[in-house]
Each structure stands twice: as C-alpha cells, then as structure tokens.
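Fold and contact review
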Protein chains: 4
Amino acid sequence: MASVLILILKSDATESQIQHVIERVESLGFGAHLSRGTFRTIIGLIGDEQRLQSEPLSAIPGVCQVVPVMPPYKLASLDAHPQPSVVDVGGVPVGGGQLAMIAGPCAVEEPERMLRIAMAVKAAGANIYRGGAYKPRTSPYSFQGLGEDGLKILRDVGDTCGMPIVTEVTDPRNVETVARYADLLQIGARNMQNFVLLTEVGQSNKPVLLKRGMSATIVDWLMSAEYVLAQGNPNVILCERGIKSFDPSTRNLFDVAAVPVVKGLSHLPVIVDPSHATGKPALIPPCALAGVAAGADGVHIEVHDQPEVAKSDGPQALLPEQYAEVADQIRQLAALLGKTIAPLPSATSPGN
Amino acid sequence: MASVLILILKSDATESQIQHVIERVESLGFGAHLSRGTFRTIIGLIGDEQRLQSEPLSAIPGVCQVVPVMPPYKLASLDAHPQPSVVDVGGVPVGGGQLAMIAGPCAVEEPERMLRIAMAVKAAGANIYRGGAYKPRTSPYSFQGLGEDGLKILRDVGDTCGMPIVTEVTDPRNVETVARYADLLQIGARNMQNFVLLTEVGQSNKPVLLKRGMSATIVDWLMSAEYVLAQGNPNVILCERGIKSFDPSTRNLFDVAAVPVVKGLSHLPVIVDPSHATGKPALIPPCALAGVAAGADGVHIEVHDQPEVAKSDGPQALLPEQYAEVADQIRQLAALLGKTIAPLPSATSPGN
Amino acid sequence: MASVLILILKSDATESQIQHVIERVESLGFGAHLSRGTFRTIIGLIGDEQRLQSEPLSAIPGVCQVVPVMPPYKLASLDAHPQPSVVDVGGVPVGGGQLAMIAGPCAVEEPERMLRIAMAVKAAGANIYRGGAYKPRTSPYSFQGLGEDGLKILRDVGDTCGMPIVTEVTDPRNVETVARYADLLQIGARNMQNFVLLTEVGQSNKPVLLKRGMSATIVDWLMSAEYVLAQGNPNVILCERGIKSFDPSTRNLFDVAAVPVVKGLSHLPVIVDPSHATGKPALIPPCALAGVAAGADGVHIEVHDQPEVAKSDGPQALLPEQYAEVADQIRQLAALLGKTIAPLPSATSPGN
Amino acid sequence: MASVLILILKSDATESQIQHVIERVESLGFGAHLSRGTFRTIIGLIGDEQRLQSEPLSAIPGVCQVVPVMPPYKLASLDAHPQPSVVDVGGVPVGGGQLAMIAGPCAVEEPERMLRIAMAVKAAGANIYRGGAYKPRTSPYSFQGLGEDGLKILRDVGDTCGMPIVTEVTDPRNVETVARYADLLQIGARNMQNFVLLTEVGQSNKPVLLKRGMSATIVDWLMSAEYVLAQGNPNVILCERGIKSFDPSTRNLFDVAAVPVVKGLSHLPVIVDPSHATGKPALIPPCALAGVAAGADGVHIEVHDQPEVAKSDGPQALLPEQYAEVADQIRQLAALLGKTIAPLPSATSPGN
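Residues numbered from 1 in each chain as written. Chains lettered and ligands numbered in written order. Predicted model: local features only at pLDDT ≥ 70, side-chain atom pairs only at ≥ 80, totals over all residues. Heavy atoms only, no water.

- Chain A carries the name Phospho-2-dehydro-3-deoxyheptonate aldolase in an unreviewed UniProt entry, which gives Rosistilla ulvae as its organism.

Remarks on the overall build of chain A
- Across its full length, chain A holds 11 helices and 15 strands.
- Counting only C-alpha atoms and orienting by the principal axes, one finds that chain A spans roughly 75 × 40 × 40 Å.
- Each of the 352 residues in chain A was classed as buried or not, and the buried ones make up 64%.
- Taking contacts inside chain A between residues at least 6 apart in sequence as the whole, the part at least 24 apart equals 70%.
- Carbon and sulfur atoms form 52% of the exposed surface of chain A, whose accessible area is close to 11300 Å².
- Treating the 28 positive side-chain charges of chain A as one cloud and the 35 negative ones as another, the clouds have centres 2 Å apart. (Helix = DSSP H or I, 4+ residues; strand = E, 2+ residues; numbered from the N terminus. Buried < 20%, exposed > 50% of the residue type's maximum accessible area, 1.4 Å probe, protein only. Contact = heavy atoms within 4.5 Å. Areas by Shrake-Rupley, 256 points an atom, 1.4 Å probe, with all protein chains shown as cover. Lys, Arg positive; Asp, Glu negative; His and termini not counted. Charge placed at Lys NZ, Arg CZ, Asp CG, Glu CD.)

Observations regarding the interface of chain B and chain A
- Every contact between the two is made by 32 residues of chain B and, on the other side, 32 residues of chain A.
- Carbon and sulfur atoms supply 78% of the area buried between chain B and chain A, which totals about 2400 Å² over both sides.
- When the buried area of chain B at its contact with chain A is split by residue, F246(B), L253(B) and L336(B) rank highest and sum to 21% of it.
- For the pair chain B and chain A, the interface holds two salt bridges.
- R212(B) is the salt-bridge partner of D247(A), the closest N and O atoms lying 3.2 Å from each other.
- Run the count over chain B and chain A and you get four residue pairs in polar contact (both at pLDDT 80 or more).
- Secondary structure elements with two or more residues in the side of chain B that touches chain A: α8 (258–265), α10 (284–293) and α11 (320–336) of chain B. (Buried area = accessible area lost by both parts, 1.4 Å probe. Salt bridge = Lys/Arg side-chain N within 4 Å of Asp/Glu carboxyl O. Polar contact = N/O pair within 3.5 Å; in protein donor to acceptor, adjacent residues only side chain to side chain.)

Let's talk about the relation of the copies chain B and chain C
- Note on the copies: chain B fits chain C at an RMSD of 0.1 Å, the axial shift is 0.0 Å, and the rotation between them is 180°. The transformation relating the two chain copies, once decomposed into turn and shift, fits a two-fold axis. In terms of C-alpha distance to the rotation axis, chain B has S215(B) as its closest residue, with the C-alpha 2.8 Å off the axis.
- Most of the interface of chain B is mirrored in chain C: 100% of its interface residues are interface residues there too. (Least-squares fit on C-alpha atoms with pLDDT ≥ 70 in both.)

Examining the packing of aromatic side chains
- The final tally for this structure, using the stated rule, is four aromatic pairs over all chains.
- Taken together, a centroid distance of 4.6 Å and an interplanar angle of 20° make the contact between F195(B) and Y227(B) stacked. A residue pair is termed long-range when its members are at least 10 positions apart, and F195(B) in helix α6 (residues 195–202) and Y227(B) in helix α7 (residues 218–230) qualify at 32 residues. Of the two residues examined, F195(B) and Y227(B), each falls in the buried class.
- Sitting over the ring of Y141(C), K74(B) keeps its end group 5.0 Å from the ring centre. (Phe/Tyr/Trp six-rings, centres within 6.5 Å; stacked < 30°, edge-to-face > 60°. Lys NZ or Arg CZ within 6 Å of the ring centre and 35° of its normal.)

A closer look at the interface of chain B and chain C
- Taken together, the 44 residues of chain B in the interface contact 44 residues of chain C.
- Counting each side, the surface lost to burial between chain B and chain C is near 3900 Å², with a carbon and sulfur contribution of 56%.
- When residues of chain B are sorted by the area they lose upon contact with chain C, Y141(B), R173(B) and E308(B) head the list and together hold 20% of the total.
- For the pair chain B and chain C, the interface holds six salt bridges.

Regarding the pairing of strand β9 (residues 165–168) of chain C
All names here are of chain C.
- Across the two faces of β9 the burial is the same, with I165 and T167 and V166 and E168 all buried.
- Chirality of the crossover, the property in question, places the unit of strand β8 (residues 128–130), helix α4 (residues 148–161) and β9 among those that are right-handed.
- Here β9 runs beside strand β10 (residues 184–187); their pairing, made up of three bridges, is parallel. Looking at the pairing, V166 lines up with L184 of β10.
- In this fold, the crossover linking β9 to β10 by way of helix α5 (residues 175–181) has right-handed handedness. (Right-handed = clockwise from strand over helix to strand, strands pointing away. Pairing = 2+ DSSP bridges.)

Quick word on the domain arrangement of chain A
- Along its sequence, chain A is carved into domain 1 (2–68) and domain 2 (87–341).
- For domain 1 of chain A versus domain 2 of chain A, the distance between C-alpha centres works out to 43 Å. (Domains from an automatic or database assignment.)

With respect to the pattern of salt bridges
- Enumeration according to the criterion identifies 68 salt bridges over all chains in this entry.
- Between R24(B) and E308(C) there is a salt bridge; the shortest N-O distance is 3.3 Å. Taken together, the positions of R24(B) in helix α1 (residues 15–27) and E308(C) in the loop between β14 (298–302) and α11 (320–336) put the pair across two chains. In this pair, the class of R24(B) matches that of E308(C), namely buried.
- The residue K263(B) makes a salt bridge to D297(B) at a minimum N-O spacing of 2.4 Å. Linking K263(B) in helix α8 with D297(B) in the loop between α10 and β14 (298–302), this pair joins segments that are 34 residues apart in sequence.
- Using a relative accessible area of 30% as the deciding quantity, one classes K263(B) as partly exposed.
- Shared partners join several salt bridges into a network, and the residues in it are E109(A), E110(A), R113(A), R116(A) and D305(A).

Considerations on the relation of the copies chain B and chain A
- Relative to chain A, chain B is turned by 180° and slid 0.0 Å along the rotation axis, the superposed coordinates differing by an RMSD of 0.0 Å.
- A high fraction, 100%, of the interface residues of chain B reappear at the interface in chain A, so the copies pair face to face through one surface.

Thoughts on the environment of L337(A)
Residues and elements named next belong to chain A.
- Counting through the fold element by element, L337 comes out in the loop between α11 (320–336) and β15 (340–341).
- The sequence separation of L337 and T138 amounts to 199 residues, and the corresponding C-alpha distance is 39 Å.
- Excluding residues within four positions of it along the chain, L337 makes contact with V292 and A293.

Quick notes on the packing of helix α3 (residues 111–124) of chain B against helix α4 (residues 148–161) of chain B
Residue and element names in this part refer to chain B.
- Viewed as axis vectors pointing N to C, α3 and α4 meet at an angle of 40°, and their least axial separation amounts to 10 Å. Considering their axes alone, α3 and α4 lie oblique with respect to each other. For the pair α3 and α4, the crossing hand works out as right-handed. Each of P111, M114, L115, A118, M119 and K122 in α3 lies in contact with α4, whose residues at this interface are I153, L154, V157, T160 and C161.
- A breakdown of the residues in the contact of α3 with α4 according to their chemical character gives nine nonpolar, one polar and one charged. (Axes fitted to C-alpha atoms, helices over the stretch in contact; angles between N-to-C directions. Parallel < 35°, antiparallel > 145°, perpendicular 65-115°, else oblique. Left-handed = near helix turned anticlockwise from the far one by under 90°. Nonpolar A, V, L, I, M, F, W, Y, C, P; charged D, E, K, R; others polar.)

Details of α6(B)
Residue and element names in this part refer to chain B.
- Where burial is concerned, most of α6 is hidden: six out of the eight residues are buried.
- Regarding α6, the residues found buried are F195, V196, L197, L198, V201 and G202.
- Those residues of α6 hidden inside the fold are in contact with α5 (175–181), β10 (184–187), β11 (208–211) and α7.

Structural notes on the environment of P164(B)
Residues and elements named next belong to chain B.
- Mapping P164 onto the fold places it in the loop between α4 and β9 (165–168).
- Taking the relative accessible area as the measure of exposure, P164 reaches 0% and is therefore buried.
- Ignoring sequence-local partners within four residues, the contact set of P164 consists of V89, G90, V92, N127, I128, Y129, D183, L344 and P345.

Quick look at the pairing of strand β10 (residues 184–187) of chain A
All names here are of chain A.
- Side chains of β10 alternate between two faces, with L184 and Q186 and L185 and I187 buried alike.
- In terms of strand pairing, β10 meets strand β11 (residues 208–211) through three bridges, oriented parallel. In the sheet register, L185 faces β11, and the bridge partner there is V208.
- Read from β10 through helix α6 (residues 195–202) to β11, the crossover connection turns out right-handed.

A look at the state of the cysteines
- Inspection of every chain in the model, using the stated rule, returns zero disulfides over all chains.
- Cysteine C161(C) shares no disulfide, and the gap to the nearest cysteine sulfur, in C106(C), comes to 19 Å. (Disulfide = S-S within 2.5 Å.)

Some thoughts on the side chain of S215(A)
- Checked against the element boundaries, S215(A) lands in the loop between β11 and α7 (218–230).
- With residues up to four places along the chain from it excluded, the contact list for S215(A) reads D220(A), F246(B), M214(D), S215(D) and K244(D).

Observations regarding the packing of helix α3 (residues 111–124) of chain C against α11(C)
All names here are of chain C.
- Interaxial distance between α3 and α11 falls to 8 Å at its minimum, and their mutual angle equals 25°. By the angle between their axes, α3 is roughly parallel relative to α11. Both α3 and α11 take part in a crossing whose hand is right-handed. Contact with α3, carried on its side by A120, V121 and A124, involves P320, Y323, A324, A327 and R331 of α11 and no other residues of that element.
- Across the contact of α3 with α11, the residue classes tally to seven nonpolar, no polar and one charged.

What follows is the structure in structure tokens.
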C-alpha cells in the first residue's frame, strides 16, 4: 500500500545534504516532494507503507525529524475494519453493545472456594469467570500458581456453572496447554511486549485478552494487538488496567480516556480492569462505572470471599456482595447507554 | 493535637546512634517508644502533630525512613469535617448531590459572542458561566486576555443571563479586582503551588475553584486547598483536569480515580474538567460521563460557537449543540445516581 | 518572520473540507501548499511565525494534526544567538566554560550560622552563596522564611565574604525588594509557569536563575525563559532540579540528559541542582559529577553545618566537609573537560 | 529469618477490629506489638521475612497501611554480599573498578560489516562486542533478526577479534541455544518482568545483562535480578537504559541517579546504556560520561559504520570514529575516578 511520510530537514542543512537525502530516498524507491520554506526544507515521501516505517530515515545526515502520517498498525485500525468487532468468548459475545463481566479471584485456589465464588458472581451478573493458574509475581518467593492443576479446577468450575473461563498464559511453551482448557487467553501487562508470547497466542485458535502494559502508549498497545492479528487470530479484546504515574494514591493510574481513544482508532473491543488499575476496593466500583460511562465493552473485577486469606492480591478484591452491588449499577448504566450485559451461553457445554 | 509518627532506623545503626536519636527526639518534646527487631529498630514518636511534621527527623544520623501516620492536611480532611461540604457559588449550591455545570469559552471574547454562548449553555443546563480575562499562556507571544475589560463583559453577561460566573486569577495584585466581579475565583493548574496567590484568595471572601497541578499528587493538591482554608476561607471546590503522562494520545492524563480518592480523604466538592484533561472534543463527552459516574460534583467544559476562530484553546472546545447533548446525558446519569444538576439562583441579581 | 507549518488532514476529509481549510488559511494570510497522498492530504503553510503558532488551526474541520516546524521560542534559541551566553552574576561569569558553584543552606537562618557556612563553602570553592528568605512550602504550617530580615542577613554575609548571593522570589510585589539585595533572582520550580512573576523579573535588571518545573518539558522550560528574555532581560541561567517520576527511590528524577538537550537548542547557561533532584545526601556527589560530565555550567548544592536542626530541607543538605570533597572532584573533572570554576569577583563590593 | 513489619490501623478502627487483627497475625505465627497513639494504633509484627511479605495483611479489616521494613530482595542486597561483585564475562572482569565497554550494532548484520565494526570498536577500547540475533520489535512488520545464523556470525567475529560477545535472548526455548554461543545473555527492557525467561536464564551457567524495564522502579529491577540469583546464577550485571517520561525531547529518560541508588542497595555491577536512554547520537557521549561520573561499572553504546542503512535503530548509532572519541574521554574520566577499562582476555579462545 502506498503511503505518505514527511521529513523535516535541519535548519542548517546544506544544499549537498538536501541532494543526498533526495538521492537516498529515491534509491529506496520512494517518491520525494520538496518544499523549501524560509527556515526549513520539507520533503514529503510517497512509497510502500511498511518500508516507509522501517527504513532508518532519521539517520540520513541533514534530517531533523521524521513525521509519520499513517499509524503503524493496520489490521487493528478502523481503516481496516470500520465496524466494531464482536469477539465470541465461549459463547459470550463481547463488543458491539454487549458487555463482558469478567470476575473471579486473582489466583485459582481450592475447588470448593472456586465454585462458591463462581456461583456468587454468576448470580450477580458475571458472564466470564477468571482465575490465574500461572501467576507472574514480582518476587520469586511469592506463590506462583497451581499450574495445570489450577487449569483443571477452573475448567471444571466453569463447566459446572455454564460460564466461559479466562486465565493468564505466561510461557510460550504452555500456550497449547492453556488453550486446551480456557476460552480466553489472558496476556498480562508485564508481557504486553513479550512478542514471542504474542506470536504464539496469535497462532492459537482462542481469543486473547490483551492487558495494556504499565508504560505502554495506546499506539504501543495496538501494535501488540497487531502482533496477534498478524498471525491470523482476529479475536483480541483490549483491557485497560492502569499505567505508571507519580502519585502513590493508587496502585496504578486508571486511564479511562484510553477507552474513547481506542474507540477512535480501532475496531477491537476494549474493557477496563479497575481492580488492578486502583488496587483499592473502595475505588473499584466508581472506576468500574466510569469505565462503562466512557464506553468500555466490559469490566474485569477481582472477587474473593475471604480477601484476608487470598493466595494473591487479596487486598484489592471485592467481596461477592460488593460485586453484586456494582454489577447492578453497571446493568442500569448500560441500559442508559443502550447496551446490555452479554448473556451467558445456552446450556450446552461451553468448553467444547 | 498529639499525633504519632514512626522512625525506622538503619540496619547498621549503632547503639550510640540509637541513644542520640532518642535524646534528640525527647529534647524536641516528643515521647519515644523503642521496639528492637532482629534487623531493624523502630521508634514510635508521640507529640504535637505540626511539629512532628516539620522537624528534620530524617537528618538525624542513623534514621533510615520517617513514616508519617497522619495526613499533613487538617482542615481539608474528613476527620475535620466528616460530612461533604456544599459550596455556594453565587446562589448555586455545589456538592452534596448537586452538580456544578460550568461552561463557556476559554477566553472572554467580544460581548455579543459571550452572550450568545451563555444563552446556549444556559439552555442546555449549565449553571455557572466561565471565561478567562487573564490568560496564563505558555508563550509570551500568545493572546493574554482582555484584563478588567474582560471581567466587565463576563459580569454583564452573567447578570443578563442570571448565571454566576467563574474566571481565573493569576496575580496576587489582582485578587481584589477579580473578586469584585466574579462569583468563583479559579486558580489554574500552573498556579496550584503559587502559595502567595493561594494565601491571597484565602483572604478574599469568594469561593475558590482549585485546579489540580499537572504533576501534583492528591496530597499536594489537598495541601494547596489547606493553604486557602487556613486563611479562613472554607469554600474550596477541587477540579481534576489531567496530569502529565508519557502517552501523547491525550493532552493530559485524565485521572478519574482522583474523584473517589478525594472523596475518601476530604469533604471538599470535586469536579472534573475533561476539556483540559483530554484536549480533544471527541473525548470530552465520554470523559465527562466517566467523571460523573465516578462521583464528581460537577463538570467543567469549554464551549465555543466557532472554535476555528477562538482566541484561545479553540481546538478543544465543544460546539453548543455538542454541549447540549452531553449535558442531557449527564442529567440522566445524575438521576441514576440520585443526584441533580444544581438549580440556577432565583431572579435577584446573582452578582451582589 | 516567515515560517513553515504542516497540516495533516484526516483520512476521511471530504473535498469540501479540504477547500474550506485552504480558504480559511488563505484568509488568515498564509500561503497554502497542497500535497495529496493515497491516504492523507497534507497542506504546508508559509506565513508569519507567531501567527502560525497562535491560530487555532487544529479546530478547522478536517484537520487531523498540526505539525510545528519551528520551535516556539526565539530569543532563547541557538538560531537567535549561536554562541553560548555568559551571564554575569555580581562579578562571577557563568557559562562559556566557567562554572557556577552555588552553595548554602535551604533557608536563611541566624547570621552567625550563615556566616560560618559561607566561609566554609567559599573555602571549598563555592562562588555564589544561596539562602531562601521567602520559602514556598507545601504546607501552610511549615516555616515560611524570614522575609526581608533574611535578605539583609544574606546580603551582609555575602558582602563580608565577597560572594554574590542568590535567593528565591515568589511574589511579584517583592521583586523590587529582592532585587535590591540579591545578585541573582531565583524562580523556583513551582513558579516556573507563574507568568506574572516571570514578566516581573524580566523587567528587573538582575539575572534570573530559572529552575525547571517538576512536570515541564524542555520546550516548556525554554518558553518560560522566553518570557523573561522577551521583557528585555537577557540574563537567564537555567537549572535542572529533577522532574516527577513513578519511582520513589529519589525525591525527583534527575534528568541529566536535559543538559546536552538544552545545549543543542539554546545559548543559555544550564546548571544542575542534585540536592533537590535526588533529596538524599549520598546521591548528591555522584549526580553533581554526572551533571558536570554532561556539560553543565555549574552546580547548585545545599549545605548546612547541622542538618538535624535545619529550618528547611535539612535531610537533603551536605555537611561543609562533604561539600569540600565534591567541590574538589568537580574542579578536577572541570579541568579534564577544559573548564574552570569561575573566579570570585575582585575585592570591590560585590553588591554594586 | 526473622524480620519486622509495621501495620498502621485506620483512624476509626474499632476495638474488635484491633482484636481481630492481633488474632489473625498471631494465628499466622507472627509476634504482635501494639502501640496506641491518640489517633492511630500501630502494630509491629515480628516473624519470618518471606511470610511477612507474602501474607495479604492489608486485607484484614481495620488495617490502613502496611509498612515493609526490609527490602523484598535478599540475594541482590548489600546485606547478603557487602562487597561489590565482579562478574566475569568471557574473561573480562566487570565491576569492582573495572569498566565494561560494550559496543556494536543493534542487530547482527552481514559478516564483513560485523567484523569491520568489531575491529573498530576494539581498537577504540571496547571489551565486549554486541549484536542482536533475535530482535524484539514493536512492529510485527519490522526486521526480527537473523536468528541462529546471527549467533554464528557474532561468535565467529568475537573469536576472530578475541572479544567476548553479548546478545539478547527473548524466548525461554532459545536460552540453551543462545548460551551455546554467547558469553553474556541480555534480557531486554521489555522482558525485565518476563519471569519465565528470567527463571530460564537463571538456570543457565552464563552471566546475564539485565536491562531495566521502562516503567520499573529500582526495587522492581532488583526483584527481577533476584529471580535470576534465586536460581543459583550469581552473575548478573544491571543496565540502566532510560525510563518512560512525559518529555518527548529524548526517547527515554536517562535515570543517571539509578547508578548510585543501586550502589547503595546492591552489590551487583550496574552499567549505563545512553544509546537507548536518549535515542539521539548527540546526547550519547555526554550521557555516557555522566554515567561513568555517577559511578557506573561500564557503558553500552550502539555503533554502526553506516547508520542510514542499518537494519535496526540506525538513527541512534554512533559512528566508529565518534565511539573512539567518547571511549577516550571515558578512559580519562575512569582514571580520574581510580578505575580502568577492563582488559580483554588473553589470547586463548574466549568462547570456552
């Protein structure tokens, strides 16, 4: 595809530098359109989009700045797919006015507790059940998850309750295993630019929940989605979960504006995770509502029935009764916006 | 008031350093409670709160860390005033379930346009009219505002429409003049830690709209409110307007979680300004709704009827018809949350 | 001055929008040069530089992005003054290979202590003495400085020692008073965008030490310098003192690369303040050396002979003997780089 | 190991909550020491360090804040190893006064060019040669590296020149292969919290160059080092390469203070990478010198003999002659600081 890019030359670029720039870009096969201003010379390039993006143009002597005109992602862009995508998660449609309600504990724990929490969040309106079997922990000495045993517990509980399940995958060697159990593969924030892992989940046939990295711009995030899409897997759901900031008031900085920014750039569904964004139970309900009000396609909330004994991230979990209350408010807000909470799949087994 | 503070000593603090710390803090009049752990010694201090906060305790040899237990603001805290404050802005009550709807152009412009925009936003539901007469501009070569002529225009339009007015004050020498015209004095983000100006508006008898600085933590912000309160002026409305971040997708980073964080710490009303937070018209309505959903006591939006000729910040203004649409959504959302848009003052002149 | 600017239109800009953009910019007196790419249309504008920067071009329907080509500052730029400026501070030349060594306590304290510290830092190599008489404190309950009494003490000590003095000014009403005593007027980080104050010091005849705001980009900082320069005062020294970041390891984030970035954009001298940048005595010497190695024109360090009783910022002060050690290392490093510590003024009174 | 931790209770914690907290922490096997202040109650806990860090104490009702006293890393801390570690990289000692000079192109390219650049940087003083065979690129459409063919080229060139080599590993499945060729395994910034990969390189017998993540605090970074150390591999070199910031003046924000901060916390060598930190050739020499002046144990710089045709990151590479100049300045600065550039290994094969 032909595209356009602008080179701004340095104010002291010499005539021979200008000529070298033109020769160099023409030798790369790009068309060059020169405009001389009083202080600066500008060269507009026309050529193949990917090559325009990948050549080291700013290293040509005399070039001051390279201004890209097209976004560097393609498959994720609204240009490629002007209508909002709807991603099917084990029978639950996410996007296009139907909200994902993902809930569950941070880590998969014992089966009885997992079932108890699942029944509670399902009753409150949750439509996808979550739990981590492989936990990326900052400390090597923290609980790292139950592994495949955890996947089995989560699958069993999902099947029992008729809810699709989502769980994180952290190792490219485990993608196949996790995909055997889960309906939705989560890529955590710390792995958002683990391109090896993105490539691997892009080659699976399961939808992917792509959390935003803590220091990722929205363009970085969409580029990571592009990695998955470029492998042939079109089913990506984005999840805003807070970015780094200077204020320790909250665990991360909940970037609610990311929701409408993404909507203006991409067709992919985007949900919010106020649990990780804020890290504090009291802030989760207002931020969940804020996310839906801003246009999010769903909400991801951690729920535990006994946070003080949770194996991971207990301090930021809502109790089931708190979850029921915020889920009810989300339902009313969704109605005001002409949306609904996506229905659970019908009774046939969602895992197969 | 007696309060508590914790000193954590260095792991290699010597016995004589420990003794010196105890002598030093006792000589300052604080009670000292020593706890020796295997690796660290901790000293709990009890004493006068202000002095605990202002003595340079971390400079005492052997001290590793000072952990404050009480927040450094007092009058702004929920401890001082457990109920939400309601601030009267020229007859419009802000807070306690009644929303401020502040709207108007960035800068005061010619009277006809000012009146036209005021009529439009009033019809849409705005209850406080805004416009800058003294503009803090990044460039010394940009339009700096109409000065006192602008104040007169704004006051006249406010009186004609029966709307209280808000305008920014940037110079301590102008506070008296601005207070003569305006119902609400705005302190801009760049002046949030201009303590001279804060002290001056604290001594006026007008309510203050205190915008959050671009790199202010929530504690910094509340401390700036404390400057105003400490002068005897209890009428402060906080305004979240975006903080600095690494992502150029938006002009600033809209910190919607600041709303519930403030609600958990302070009794002061807090509103949101999605115009400055995002800098992009398409993002203003979703972020305005997000702010209200998160519990904000009002919304500040810039409106201009011809943004491409606006004297300041045209590119981020909503058109009156766009404002009417988002105001209508805010009204419905407020109802869902059990709140209302605050009524305009009755017909008697609001300026007196 | 004629300059150049680029408008990038939206990918879905209609033909009539393109025509409107051209008409609009031509009606503003700008020349318009259209380039149509496959996906985007680009319009290069030529016209008066200040007007190109101040018109709300991005508000014209169909415009996606405005790309400025010239920097928004002029007098501060290397284009305006290609040689490094040397600023005379009470007889001490700063810039052009001569280093400012600013040292002293955070706040002016009692005369005996002030003299004692001054003698010590002078002996170590300091050439400008510092101390705050008006302290911008985050808390209204902290020590706010001795005011004009403090100015007198500082001036007396400076005269006694034959050192020029620098002190902060925070109130436009005090500029004249402070300028009567001080050789160098400091604008603190929190006031970097207090444009009223910048204008006032620009109208004084004293050099200005402009600290970088905690969330100021380098362009913002140079624009604030431009405010001073535009008033006719060419004597501005920039001071990097740390910016906001997400890591609480240091008080602020010391942006040492700001030094060479400024050198590539501006002729103004730029010094570093590792005391405020790091907030921790152990980090001050290595960061001072890093600043000089990166090309800084001086170093600002807080020194106190009894940090545990300092009235302000004691925990981040160096002891005089620690200062002597780092000053010695700076002297050697300067020699390696072909620079010297600027000499003190000769014995005639430095205050005139 | 027994350690200490502090719980600060909420100001409105009830007596029964206080009792529950004590019961709960005692049931976890911790000793509890209660101190009641006027406004806050504080409980000091003594118990096993890892368990104190991993229990969800802040989720216990009534607990306001958990103040950790010990750092969460152990093997990486100065407590565990008070002397600076020296890491042997294929015969080149790094740390303890001997500087690593890592240089080479971003990506491995054709053998002739690789040899030409290697000879040039070796002559200039480089002692470890770099080049990427597996490139983590933001875009799936960019050049991804030559893979194992690139490893072979790099090894051959290293052997020919007698220089140890470093290259990035991105996939846990490739660690064994990369370790067969390289003397030092690089973990890139985007993988700093790829705990699966960290665990894998921790189990290899090769030293690890751990770049700091773009939004990693220094504690996060040391925790990632801890992952490698905890697997039994003590040979970790840290590399500061710039973090995220709000100022687009530089590609990243070079955190030079991280060097002395790390030195105060850990025994591990820490080097700087001004190429990635700044992204601009003109800034690399001053920032390299700043890093060494701040105490870094080495410098990592990208060098290419024809940046405008480089396959990756050309715009930020130095030319060999520019590298020679900065290497010479580093040598002189090192001498001033009592350090030396580490010598190359003697002539016996460096690959074994």
